[in-house]
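# Structure at a glance
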Amino acid sequence: MGTRRTALVTGGAAGIGAGIALGFAEAGYSVAILDVDGEGCRATAARLPSPARVLAIEGDVSKNSDAARAVEETFRHFGALDVLVNNAGIELNGTVSELAVEEWDRQIAVNLRGAYLMSRYAIPRMKSGSAIVNISSVHAFVSWSGCAAYDATKSGLLGLTRAMALDHGRDGIRVNAICPGYIDTPLMDRWLSSFSNREEALRQVIACHPVGRIGTPRDIAQAALFLASDSASFISGTSLVVDGAMTAAGH
């Protein structure tokens, strides 16, 4: 890989974010992990290879001061910031008539404002050849009942991705998005456990995927690694759907 590079992954305490942090660490990156769950963040950091090249940062991406501090701590600790993965996100279900204003605002703050704040502070620290990867969702293209705010934020991330790619391409910074489908994470496990028959619910979810399985955090990590790599040097301003052909099948 040449000179060692540094990645900052938000929402890295568990699930997709933890998988991405592990994938980058295994690929030889120095990795900073930011999460509001400080204990989970440190636990993920402890699982990564080469502890000297891992930094755990407790903070909330939706807070201006925390976003700025996370970027500065990463740059001060490693001396570089080459890849930013905006993964932090939450999902509070409800229609627009059901969601409390506070619930709507919180999802906008974490899922969309968080990506803006992290990028705002990261971009001035990034040199030519750097990359930003925004973790959106298939919810940017298809919707399920009761996901109004989540769908809005994930669609918004695609617009932000295009805008940043246009604005910062001449700086040598590429910006892309990944749109995961169903991924095997603790969040999904809790959702499946809410059904009276968990195994039947899982069977129905798997049946939506023509490849015959749901995704794993490693699937998303590999996609992020590709988009951050020199192999994707002419790819910017677009999104990569990683869903086992679920949306292609109309689900």
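About the cut-offs
- Residues numbered from 1 in each chain as written.
- Predicted model: local features only at pLDDT ≥ 70, side-chain atom pairs only at ≥ 80, totals over all residues.
- Heavy atoms only, no water.
- 1 Å grid on protein atoms, 1.4 Å probe; cavity = no way out; pocket = protein on both sides within 12 Å on 5 of 7 lines; lining within 4 Å.
- Points joined across faces, edges and corners; volume = space filled by probe spheres on them.
- Helix = DSSP H or I, 4+ residues; strand = E, 2+ residues; numbered from the N terminus.
- Nonpolar A, V, L, I, M, F, W, Y, C, P; charged D, E, K, R; others polar.
- Axes fitted to C-alpha atoms, helices over the stretch in contact; angles between N-to-C directions.
- Parallel < 35°, antiparallel > 145°, perpendicular 65-115°, else oblique.
- Contact = heavy atoms within 4.5 Å.

Let's shift gears to empty space enclosed by the protein. Counted under the stated rule, the structure contains one cavity of 30 Å³ or more. If you add up the space inside the largest cavity, you get close to 60 Å³. In terms of lining residues, the largest cavity is bounded by Thr10, Val61, Asn86, Asn87, Ala88, Val110, Asn111, Gly114, Ala115, Ile135, Lys154 and Leu157. Sorting the residues of the lining of the largest cavity by element identifies helix H4 (101–122) and helix H5 (148–168) as the ones contributing at least two each. Among the residues forming the lining of the largest cavity, the class breakdown is six nonpolar, five polar and one charged.

Before going further, it helps to examine the packing of helix H6 (residues 186–193) against helix H7 (residues 198–207). Two elements in contact, H6 and H7, have axes whose closest approach is 8 Å; the angle formed by their N-to-C orientations is 120 degrees. The angle between the axes of H6 and H7 places the two elements in the oblique class. Of the residues in H7, those in contact with Met188, Asp189, Trp191, Leu192 and Ser193 of H6 are Arg198, Ala201, Leu202 and Val205. Each residue belonging to the contact of H6 with H7 can be placed in one class, and the counts come to six nonpolar, one polar and two charged.

Unusually for a residue other than glycine, Ser50 sits at a positive phi of about 55 degrees. Within the secondary structure, Ser50 sits in the loop between helix H2 (38–47) and strand E3 (54–58). Residue Ala245 is not a glycine yet carries a positive backbone phi of 70 degrees.

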